[in-house]
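# Coordinate inspection notes
Listed here are the chains, written in short residue letters.
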Amino acid sequence: MNNYYFDTEKPKYKSFELPGAKPHYNPDRPGQVEHICLDLDLDIDHNSFKANCTIDLTPVRKGVKKFTLDAVNLEIKSVLIDNISQPFDYDGNILEINLLHPTTEKPLKISINYQVDHPQRGIYFIKPDQYYPDKPIQVWTQGEDEDSRYWFPCFDYPGQLATSEIKVKVPQPYLAVSNGELIAKKEEGNKIIYHWYQKEIHPTYLMTLAVGDFAEIKDKFNDIPVNYYVEKGKEKEAKLSMGKTPRMVEFLTNKYGYNYPYPKYAQVCVADFIFGGMENTSTTLLMDRCLLDERATIDNRRTESLVLHELAHQWFGDLVVIKHWSHAWIKEGMASYAEVLWTEFEYGKDDASYYLLNEARSYFTEDSTRYRRPIVTNIYREAIELYDRHLYEKGACVYHLIRGILGEELFDQAIHTFVNQNAHKTVETIDLIRSIDQATGYNLMPIFDQYVFRGGHPDFTVSYSWESNNNLAKLTITQTQAKDDEKALFNLNIPVAFAYVKDQEKHKPEVNFTKFNLDLNQVEQTFYFPLEKKPDFISFDVNNYYLKTVKLEYPVAELKAQLRYDPDPVSRIYAAIALGKKGGLEAIKILGKALKHDHFWGVRIEVAKQLGKIKLNQAISALKEGLKDKNTKVRCAVIESLSNFKTLESYTIIKAYAQKGDESYYTESASIRVLGGMILGELKDKETEVLSLFQEVLKTRSGWNEIVRSGAISGLSKMTTCSQAVDSILIYTKNGTPQPLRLASIRALGAVSTGQTDEKLEEILATLDSISGEEFFLTQVAVCGALGQMKTSKAINILSNLSEQSPDGRVKKMADEAISKVQKNMGSDQAIKELKDEFDKLKQENQKLQSRLAKLEAKNK
């Protein structure tokens, strides 16, 4: 039984390091791997394969007597070096080859014959079953972080780069797609042998294989093939989803200052993929759920961003390879920032600024609710734990900050220098710092020390007042994160500007700025600025290059002017948030006008959110106007804000909208979802008709990725005192339910549980306990998500079992974090009481078992 304790005093930020975390380093290198050749014979019917792995290795020193390779759950048949059998030891995780003769300077050829039966990770056999008879037959691999060792023996860390080839025998009519070029294809009876060769060096985690009865859609960039592989019948969706790829290749070639480095670029959409995508060298795998239909293209850029992100890795990650996982932000941060750069190129600066703001918010949420950590750290249990919002989104924000400091031209020079100097090499963060210094003369180590090598970010409060007698603007800037800990201070040079609006009534009035740069390095600093006249508004961190949170304490007049006239959409958003916090009828009037007239949809979304937080019914009238907005995302935000008002008027508006539907899947789903949370107080009598609507939606509105029906499930999950809601959700947790809807239903059980009777709670727990035994990664993730929302120690028991039994480090971490959430949900006193009750119950059961055992022993004497 696991022992859990409850601290009465907790640090402000949770630790990233879970029990068992330790420093990790690359292993000693006995030799340089030059080439890896895999020869595979797939037995798809039996989820197995026979294989031979040949590794060409050049020793780096003489006298090495043993090679240690990573190899998990492989059945090793033989090991040869230069065709001579070698003794070896194998414990199911590590293959130790005991060399008959110590190494010299002579290159070696290591040949390992092995087979794999029903692999659990690394390589996945996807097939139809009794619950999902239409699922395609496919085989695909996933190497990152350290899963290649589950399908071939290797030195499984990113510091070893080698060329590679894969020969694979598959049944007809299946295609096999892999890294590099297809150099041979040969029929052998009812099977086909595909021979792929990757002549550019890369690490083992980027070696890949995808097999299936794919449709191949051919495209190209200049003379480079750009092909898309999808399940047959999905050709149209392939073009809708990936058709911009050639233009993206051109864009990134120019942005990174280096031609696309591989002979082809393939994207293969596979079923049951455990990530969004994986940037294997020249051959990206994508989850098939990213494929869009016509309606989904209306407001869905997630697929476009995913396609761009994985493509960017062909430079950052594949061409320039991280030396150790602790530096993975170099590639993941840039691939995430590439999404911002593409958005700016394709849709404009306002869209890019809003995209980056939401990247920052994603990181802020993890930092405040999950844990805080340095971006670069080698302390973890498994490397996959590093792949979080600090790595991706905060990493993207750091690249943006670098761009802001250097300026456009020097930023491009620095990136070009970094890529060209480190092509086909491994890098650490210091290499990026050095490239920036070499290309621009800027030493950005102070920025890296603050944002990369330690955790956190500045939280600014900015107060403004005007002293009319002296024509002085007074700014007081506080770093609130450092009030209790001066070690958390940031030392930054941030631009501020005082703005003057000329011809305010014109359609596009002229805005002039008087700018100053401020050295901010204390907990609280006050600055006085002599100005010719009072400014119309104040802009803190002009262009918003710095990663930060900011709270504006300005008078209403200045906030109103900033919301209307500041050319930077993020600054207008900060003004809208400040107005929302002030509240009142004047704020509603100002925000309502912005909702109708701001030219950028992102600002209108944020204005709608603030109107939803002002608890005055007059805000309903302002929000109603937003339902006429042409942008689907704005309408979605308006609906969510309207649902904050638990009135008959707002309920009637939203219910009518839900019944009518919307051209956008997401907006329609939101209108359905929010109804579940409105059935309170005077709307309690609407429970029956809302249930009826949800059931009608679940029966009739199946569609792309089950977005709409998942909205109904989410709505049901908010009805926490309704037993019928539980019954409806449980139906869709059963096998055979379309996977997106089933996963949503599993997660929903946690939310709906919090107000249910003991009987219903037991039913929910029994369902989640049963599902937790399933092997599929995403199902286990959904179970962790559900249990983490509950308020009972019985959820902890299920999570403990899942953490102990799952072979996947990601699931272990999620389960352990979910346990902490349940403890917090319960509160210390209740948690201790429930655990004590459980312990007493176990003691009683143990006592009964001992009594029965004593009786049996007595009878046998």
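Structure first, text after, so check above.
Here is a short report on the structure shown in this document. For clarity, every value in this text was computed on a predicted model and none was experimentally measured.

## Topic: helix α20 (residues 723-731)
Every buried residue belonging to α20 is among Ala 725, Val 726, Ser 728, Ile 729 and Leu 730, and all of these are buried. On its buried face, α20 is in contact with α18 (687-700), α19 (707-717), α21 (739-752) and α22 (758-771).

## Focus: the nonpolar core
One recurring pattern in soluble globular proteins is that nonpolar side chains are buried together. Within the largest apolar cluster, 269 residues are counted, with the highest numbers of intra-cluster contacts made by Tyr 114 and Trp 329. Setting aside anything within four residues of it in sequence, one finds Trp 329 in contact with Met 334, Ile 375, Val 376, Leu 391, Gly 395, Val 398, Tyr 399, Thr 429, Leu 432, Phe 448 and Val 452.

## A look at the pattern of salt bridges
By the definition in use, this model includes 54 salt bridges. With its nearest N and O atoms 3.1 Å apart, the salt bridge here joins Glu 344 to Arg 403. Of this pair, Glu 344 sits in helix α4 (residues 329-347) while Arg 403 is found in helix α6 (residues 390-406), placing the two residues 59 residues apart along the sequence. Given a relative accessible area of 22%, Glu 344 falls into the partly exposed group. Residue Arg 403 is classed as buried on the basis of its relative accessible area, which comes to 4%. Of the charged contacts in the structure, one is a salt bridge between Lys 760 and Asp 727, with a shortest N-O distance of 2.4 Å. Separated by 33 residues along the polypeptide, Lys 760 in helix α22 and Asp 727 in helix α20 bring together distant segments of the chain. Owing to a relative accessible area of 13%, Lys 760 belongs among the buried residues under this scheme. One continuous salt-bridge network, built from bridges that share partners, spans Asp 70, Glu 146, Arg 149 and Asp 156.

## Let's talk about a positive patch on the surface
Side chains of Lys 560, Arg 564, Lys 589 and Lys 593 sit close together on the surface and give a patch of like positive charge. Taken together, the elements giving at least two residues each to the positive patch come down to α10 (556-565) and α12 (584-597). The topology assignment puts Lys 560 in helix α10. With relative accessibility at 45%, the residue Lys 560 sits in the partly exposed group.

## A short note on unusual backbone geometry
Omega for the bond connecting Glu 144 with Asp 145 falls within 30 degrees of zero, at 5°, which places this linkage in the cis form. Locating Asp 145 in the fold gives a position in the loop between β11 (138-141) and β12 (162-171). In this structure, Pro 173 follows Gln 172 across a cis peptide bond, with omega equal to 10°. Among the secondary structure elements, Pro 173 is positioned in the loop between β12 and β13 (175-178).

Parameters at a glance
- Residues numbered from 1 in each chain as written.
- Predicted model: local features only at pLDDT ≥ 70, side-chain atom pairs only at ≥ 80, totals over all residues.
- Heavy atoms only, no water.
- Buried < 20%, exposed > 50% of the residue type's maximum accessible area, 1.4 Å probe, protein only.
- Helix = DSSP H or I, 4+ residues; strand = E, 2+ residues; numbered from the N terminus.
- Contact = heavy atoms within 4.5 Å.
- Core = buried A, V, L, I, M, F, W, Y, C linked by side-chain atoms within 4.5 Å.
- Salt bridge = Lys/Arg side-chain N within 4 Å of Asp/Glu carboxyl O.
- Patch = residues over 30% accessible without salt bridge, like charges linked within 9 Å, V, L, I, M, F, W, Y side chains within 5 Å.
- Areas by Shrake-Rupley, 256 points an atom, 1.4 Å probe, with all protein chains shown as cover.
- Lys, Arg positive; Asp, Glu negative; His and termini not counted.
- Charge placed at Lys NZ, Arg CZ, Asp CG, Glu CD.

In short, shape yes, function no, at least from these values alone.
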